[in-house]
Amino acid sequence: MSQESVHDQLLAFFTQKEEAMVQGVVRKVRENPFSVTARLSSGKLGRTVQAESLLEYDFLNILDFDPRVEKYGEQCLTVPWTGPDGRHRRYTPDVLVKFTREAREADRRLGGTIFEVKPVAVLADTLAELKPKYRATMRSLRGTGVRFKLITDRQIDRVFAGNVRFLLNYKVERFQNRKDPQEKSMDAALLKMVWDLKEPTTPQKLLDEFGQSFELRARLLTRLWYFVATCTLDADLVEPLTMSSAVWPGVFHRSFQATYPIPKWRQEAYDWYR
């Protein structure tokens, strides 16, 4: 496979319409008795996504959660490379990611990127074996504007990954497109309360404002986590989410960006992309 074909694969991925996304993968992840595999129902892609490891599963969840990511495809690109012995080989990286235009404009690092996801312990044991194909991949990407990056368990914070998995349970179709006028009114009242406070609050304080009805508080809490999951509200997701966690208007609501802090998971010291 030539370098031109790598360019063609990348061009096809980045020019696909949203409804097409990634129609299939070059190499499917198959279950086997020697390693952990997992599947994620991706709301962002509208299909099931496959992972070869629990670390990769966490990473795919983060991609599905992060509003900066427009789309991604697992195992969707092949890169030719030649080993030290002169034999021709093929390498299939873990994930190819396209970030949104707004994200790219705000941070130049967020260009199209191929990610390889490996635990630090695995890299330490196999780096000599992996280096040649990683270098070949970087050579094949020259001139494409797409970068290659390793992601390890040092970038993927366990607490953050756990919070993301929890929140994705609320970022599903049945919580979207509220049609009932009473439900819409409740959503508006909840968000207005957060906006009007002009400072971070907590889930506990918000629920207390709506009274002691168990049913109402349960419904409000569901909506509250939905708004955090969609980044309508922000929270420091590198810390465990509790009823005492600070929440405030989302950073992606431009009118509030100058007033409220950037959540820790988006700050340089914590951001998974750092």
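Please refer to the structure placed before this passage.
Because the structure is predicted, anything quoted here is derived from the model rather than measured.

*Asks:* Describe the overall build of the chain, with residues and values.
*Replies:* Along the chain, the regular secondary structure elements total eight helices and 10 strands. Per-residue burial over the chain gives 47% buried out of 274 residues. Taking as baseline every contact in the chain between residues at least 6 positions apart, the subset at least 24 positions apart corresponds to 61%. When the accessible surface of the chain is totalled, it reaches about 14800 Å², and 50% of it is carbon and sulfur.

*Asks:* Kindly report on unusual backbone geometry, identifying the contributing residues and their values.
*Replies:* We note that Gln 75 has phi near 55°; this positive angle belongs to a residue other than glycine. Tracing the sequence through the fold places Gln 75 in the loop between strand 3 (69-74) and strand 4 (79-82). For Cys 231, which is not a glycine, the phi torsion comes out positive at approximately 65°. Note that Cys 231 resides in the loop between helix 8 (214-229) and strand 9 (233-235).

*Asks:* Can you explain the side chain of Thr 201? Please cite residues and give values.
*Replies:* Within the secondary structure layout, Thr 201 lies in the loop between helix 6 (181-197) and helix 7 (203-209). Taking the relative accessible area as the measure of exposure, Thr 201 reaches 5% and is therefore buried. Among residues more than four places away in sequence, those in contact with Thr 201 are Leu 206, Ser 245, Ala 246 and Val 247.

*Asks:* Please provide a residue-by-residue account of the packing of aromatic side chains, values included.
*Replies:* Tallying each qualifying case throughout the model produces 16 aromatic pairs. Aromatic side chains Phe 99 and Trp 272 sit 6.3 Å apart centroid to centroid with 20° between the ring planes, which places their arrangement in the stacked category. One end of the pair, Phe 99, is in strand 6 (residues 95-99); the other, Trp 272, is in the segment after strand 10 (247-249), and 173 residues separate them in sequence. We note that Phe 99, like Trp 272, is buried. Their ring planes at 20° and their centres at 5.6 Å tell us that Phe 160 and Trp 265 sit as a pair that is stacked.

*Asks:* Describe the packing of helix 6 against helix 8, and please don't skip the residues or the numbers.
*Replies:* Helix 8 packs onto helix 6 with a crossing angle of 65° between their chain directions and a minimal axis gap of 11 Å. Comparing the axis directions of helix 6 and helix 8 gives the class roughly perpendicular. For the pair helix 6 and helix 8, the sense of crossing is right-handed. Between helix 6 and helix 8, the contacting residues are Glu 183, Met 186, Asp 187, Leu 190 and Leu 191 on the first element and Leu 216, Arg 219, Leu 220, Arg 223, Leu 224 and Phe 227 on the second.

*Asks:* Go over the sheet that holds strand 3, please, and point to the residues and values.
*Replies:* Taken in spatial order, the four strands of this open sheet run 3-6-7-8, and their pairing is mixed. The two strands at the open ends of the sheet, each matched to only one other strand, are strand 3 and strand 8 (147-151). Pairs of neighbouring strands in the sheet enclose a mean axial angle of 25°, with direction left out of account. As paired elements, strand 3 and strand 6 share five bridges and run antiparallel to each other. Bridged to Gly 73 within strand 6 is Leu 96. Sheet contacts for helix 4 (residues 120-140): strand 7 (113-117) and strand 8; angle to strand 8, the most-contacted strand, approximately 170°.

*Asks:* Which residues make up the pairing of strand 8, and what values go with them?
*Replies:* For strand 7 and strand 8, the ladder comprises five bridges, and the chain directions are parallel. Paired with Val 117 across the bridge in strand 8 is Ile 151. Note that the unit made of strand 7, helix 4 and strand 8 has a crossover that is right-handed.

*Asks:* Give me a positive patch on the surface: which residues, what numbers.
*Replies:* Residues Lys 131, Arg 135, Arg 139 and Arg 142 make up a contiguous surface patch of positive charge. Within the secondary structure, Arg 142 sits in the loop between helix 4 and strand 8. Looking at Arg 142, the relative accessible area reads 59%, which means it is exposed.

Thresholds, definitions, all that
Within each chain, residue numbers correspond to sequence positions counted from 1 in written order. Restriction of local features to residues with pLDDT of at least 70 applies here, the model being predicted, together with a cutoff of 80 or more for giving and counting side-chain atom pairs; totals for whole chains, interfaces and linings are based on all residues. To obtain the side-chain values, all non-hydrogen atoms of the structure were used and water was disregarded. A helix here means a DSSP run of H or I that spans at least four residues, while a strand means a run of E at least two residues long, and both kinds are numbered starting from the N terminus. Accessible area is worked out with a 1.4 Å probe on protein chains only. A residue is then buried under 20% of its type maximum, exposed over 50%, and partly exposed in between. In this description, contact between two residues means that some pair of their heavy atoms is separated by no more than 4.5 Å. For the area figures, the Shrake-Rupley method with a 1.4 Å probe applies, and any residue is considered shielded solely by the protein chains shown. Two rings from Phe, Tyr or Trp (for Trp, the six-membered ring) form a pair when their centres are within 6.5 Å of each other. A pair whose planes differ by under 30 degrees is stacked, one over 60 is edge-to-face, and the rest are tilted. Think of each axis as a best-fit line through the C-alpha atoms, taken over the contacting stretch in the case of a helix, with angles from 0 to 180 degrees between the N-to-C directions. The scheme is simple: roughly parallel for angles under 35 degrees, roughly antiparallel for over 145, roughly perpendicular for 65 to 115, oblique for anything else. Crossing handedness is defined as follows: a turn of the near helix away from the far one that is anticlockwise and smaller than a right angle gives a left-handed crossing, while the clockwise case is right-handed. Here, strands pair whenever DSSP counts at least two bridges between them. Look down the strands so they point away from you; if the path from the first strand over the helix to the second goes clockwise, the crossover is right-handed. For patches, a residue must show more than 30% relative accessible area and have no salt bridge; joins then use 9 Å for like charges and 5 Å for nonpolar side chains, namely Val, Leu, Ile, Met, Phe, Trp and Tyr. We define a salt bridge as a side-chain nitrogen of Lys or Arg found within 4 Å of a carboxyl oxygen belonging to Asp or Glu. Residues counted as positive are Lys and Arg, residues counted as negative are Asp and Glu, and His and the chain ends are not counted. For this purpose, a charge sits on NZ of Lys, CZ of Arg, CG of Asp or CD of Glu.

By themselves these figures say nothing about function.
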